[in-house]
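The chain contents come next:
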Amino acid sequence: MYNSRITGLGYYVPENVVTNNDLKEFMDTSDEWIQERTGIKERRWIDPKTGDTTAVMGAKAAKIAIERANLTKDDIDFIIFATLSPDMYFPGGGVQIQDLLEMPTIGALDVRNQCSGFIYSLSIADQFIKTGMYKNILVIGSENHSGGLEKSTRGRGVTVIFGDGAGAAVLSRSEEEGKGILSSHLHSEGKHAKELALIGPSTERWVPEIMEANDPEDTSYFPHMNGQFVFKHAVVRFSEAIVEGLQANGLEKDDIDMLIPHQANLRIAQFIQKKFGLANDKVYNNIMRYGNTTAASIIIALTEAWEEGKIKDNDLVVLAAFGSGFTWGSVVIRW
Ligand code: UT7
């Protein structure tokens, strides 16, 4: 069996910065509330005039990752694309990447696992590489949240949290023992699906039904989150996923060189940091600048940490996520 290693990383965020104070233009909120509860200072929201979309941002991040892997688009064998905000209801965004990057007719798979999307995608890519089926896989997480948020006081509990952006990684075959992805663990608990969900438009609540009802009180086509319920589950599941990953490899929490938690809420990341007794330089957070970018959040943070020289050869890097589904999981990497 082969190993898989991350050989290229890239990210792209829209230029348009939206500060907490900017949000006050269309909702009753405050910089103080947002920072205190979430740690977020600003986020990026697409300016539609720029032409950025979920797929376009994903393609921009992917180009950087492929170049940094010292590969060309023609060396990529497979695309895995994670998003909850695809440009189209169907088909998925993976095929758009194939087209935008003018790649050969390789396979393209979409992953629908929200905040855990990148963890699931990395795990899938790892399996394809381990079995020898593919050599180089492009894994992308990209989100255009801003287009679908409820920009009013009614939606403030959700809207202030989410930002747009994309990240990409190239996962490549390696024969070096003990390096690369050591393990991945994936979980779900569908009974909580509606605690963090966008119900319509869907076949459960289809567009004609929504249009016919024409109900100004209908919020089914905006994301809904039972914030405190999600928070309580997040802290437990994050911890479990990290412990599971460490134990599977006979490692201890002191072995962690860098923990990159999904950027859901700075308070969740700080809780986990404290629980595992990790020093500040062993946890990477950027939610302050980008908000929660769901499937893109871990890969953007991983790329930034790597660009800043915070991830070095042989470091033990732990990625962990929890979110809508509920889904959660971890990936343990020997860099
Ligand atoms: O990435 C996927 C996973 N997601 C998560 O892990 C998120 C987990 N949950 C959270 O991060 C937090 O629950 C939130 C940040 C979403 C909310 O924080 P909270 O401390 O749970 O606040 P809350 O929803 O209980 O609301 C408290 C109060 C309410 O007012 P009343 O009823 O006490 O008068 C809200 O209406 O804060 C109000 N509120 C706001 N006020 C100002 C809610 N949103 C805002 C806002 N600005 N943006």
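Residues numbered from 1 in each chain as written. Predicted model: local features only at pLDDT ≥ 70, side-chain atom pairs only at ≥ 80, totals over all residues. Heavy atoms only, no water.

Asks: Whenever I open this one, the sheet that holds strand β11 (residues 258-261) confuses me. Can you help?
Replies: Hydrogen bonds between backbone atoms are what pair the strands of a sheet, whose relative direction is either parallel or antiparallel. Taken in spatial order, the four strands line up as β8-β13-β12-β11 in an open sheet, and their pairing is mixed. With partners counted over all chains shown, the strands left at the sheet margins are β8 (180-188) and β11, one partner each. Put simply, the sheet's adjacent strands are angled 10 degrees from each other on average, direction ignored. As defined by bridge partners, β8 adjoins strand β13 (residues 327-334) across eight bridges and the pair is classed as antiparallel. When the sheet's bridge partners are listed, Ser-188 is paired in β13 with Thr-327. Across the face of the sheet, helix α8 (residues 227-248) comes into contact with β8, β11, β12 (316-323) and β13 while running at roughly 150 degrees to β12. (Pairing = 2+ DSSP bridges. Helix = DSSP H or I, 4+ residues; strand = E, 2+ residues; numbered from the N terminus. Axes fitted to C-alpha atoms, helices over the stretch in contact; angles between N-to-C directions. Contact = heavy atoms within 4.5 Å.)

Asks: Even after reading the chapter, I still don't get the nonpolar core, so can you show me in this structure?
Replies: For soluble globular proteins, nonpolar side chains are generally found buried alongside one another. Of all hydrophobic cores here, the largest spans 34 residues; its most connected members are Ile-260, Leu-302 and Leu-319. For this core, the leading source of residues is helix α5 (residues 117-130), giving six residues. When residues of this core are assigned to domains, at least three fall in each of domain 1 (3-174) and domain 2 (180-334). Each residue touching Leu-319, except ones within four places of it in the same chain, is listed here: Phe-118, Ile-119, Leu-122, Ile-260, Ile-298, Leu-302, Gly-329, Ser-330, Val-331 and Ile-333. Residues Ala-234, Ile-268, Ile-272 and Phe-322 belong to the second largest nonpolar core, which totals 24 residues. (Core = buried A, V, L, I, M, F, W, Y, C linked by side-chain atoms within 4.5 Å. Buried < 20%, exposed > 50% of the residue type's maximum accessible area, 1.4 Å probe, protein only. Domains from an automatic or database assignment.)

Asks: Looking at this model, I keep getting lost on the pairing of β12. Mind explaining?
Replies: Along a regular strand, successive side chains alternate from one face of the sheet to the other. When you tally the buried positions in β12, you get eight out of eight residues, the bulk of the element. Because side chains alternate across β12, one face comprises the buried residues Leu-316, Val-318, Ala-320 and Phe-322, and the other comprises Val-317, Leu-319, Ala-321 and Gly-323, equally buried. Bridge count between β11 and β12: four bridges; the pairing is parallel. Within the sheet, the bridge partner assigned to Met-258 lies in β12 and is Val-317. Across eight bridges, the pairing between β12 and β13 is antiparallel. Across the sheet, residue Ala-320 finds its bridge partner in β13, namely Ser-330.

Asks: Honestly, the domain arrangement of the protein in this entry has me stumped. Any pointers?
Replies: Frequently, the measure chosen for interface size is the accessible area that the parts lose on association. Examined at the domain level, the protein breaks down into domain 1 (3-174) and domain 2 (180-334). Counting from both sides, the interface comprises 54 residues of domain 1 and, opposite them, 56 residues of domain 2. Buried surface at the junction of domain 1 and domain 2, both sides included, amounts to about 4100 Å², of which 63% is carbon and sulfur. It is Tyr-11, Cys-115 and Ile-119 that lose the most area in domain 1 upon contact with domain 2, and together they represent 17% of the buried surface on that side. Taken together, the connections running from domain 1 to domain 2 amount to two salt bridges. Between Asp-313 and Arg-5 there is a salt bridge; the shortest N-O distance is 3.9 Å. Taken together, the connections running from domain 1 to domain 2 amount to 21 residue pairs in polar contact (both at pLDDT 80 or more). Put simply, the parts of the chain that give the side of domain 1 that touches domain 2 at least two residues each are β1 (3-12), α2 (31-38), β3 (42-44), α5, β6 (136-143), α6 (156-159) and β7 (165-174). No other element matches the eight residues that α5 contributes to the side of domain 1 that touches domain 2. Of the residues assigned to the side of domain 1 that touches domain 2, the class counts are 21 nonpolar, 19 polar and 14 charged. (Buried area = accessible area lost by both parts, 1.4 Å probe. Salt bridge = Lys/Arg side-chain N within 4 Å of Asp/Glu carboxyl O. Polar contact = N/O pair within 3.5 Å; in protein donor to acceptor, adjacent residues only side chain to side chain. Nonpolar A, V, L, I, M, F, W, Y, C, P; charged D, E, K, R; others polar.)

Asks: Explanation requested: the packing of aromatic side chains in the structure shown.
Replies: Each pair of aromatic rings is reported with the distance of its centres and the angle of its planes. Summed over all chains, the structure comprises ten aromatic pairs. With a centroid separation of 5.2 Å and 50 degrees between ring planes, the pair formed by Tyr-221 and Phe-222 is classed as tilted. The ring of Trp-45 has Lys-151 lying over it, and the distance from NZ or CZ to the ring centre is 5.1 Å. Over the face of the ring belonging to Tyr-2 we find Arg-173, whose NZ or CZ atom lies 4.0 Å from the ring centre. (Phe/Tyr/Trp six-rings, centres within 6.5 Å; stacked < 30°, edge-to-face > 60°. Lys NZ or Arg CZ within 6 Å of the ring centre and 35° of its normal.)

Asks: How should the site of the ligand be read in this particular structure?
Replies: Close contacts around the ligand come from 20 residues, with Thr-29, Arg-37, Gln-228, Asn-265 and Asn-292 the closest. Separating an oxygen atom of the ligand from a side-chain N or O atom of Gln-228 is a distance of 2.6 Å. One nitrogen or oxygen atom from the side chain of Asn-265 is found 2.6 Å from an oxygen atom belonging to the ligand. Starting from 950 Å² of accessible surface for the ligand in isolation, the protein chains cover 71%. Elements represented by at least two residues in the shell around the ligand include exactly α2, α6 and α8. Considering each element in turn, the shell around the ligand owes the most residues, four residues, to α8. Of the residues belonging to the shell around the ligand, the class tally is ten nonpolar, eight polar and two charged. Formed jointly, the shell around the ligand draws a minimum of three residues from each of two domains, domain 1 (3-174) and domain 2 (180-334). (Near = heavy atom within 4 Å. Areas by Shrake-Rupley, 256 points an atom, 1.4 Å probe, with all protein chains shown as cover.)

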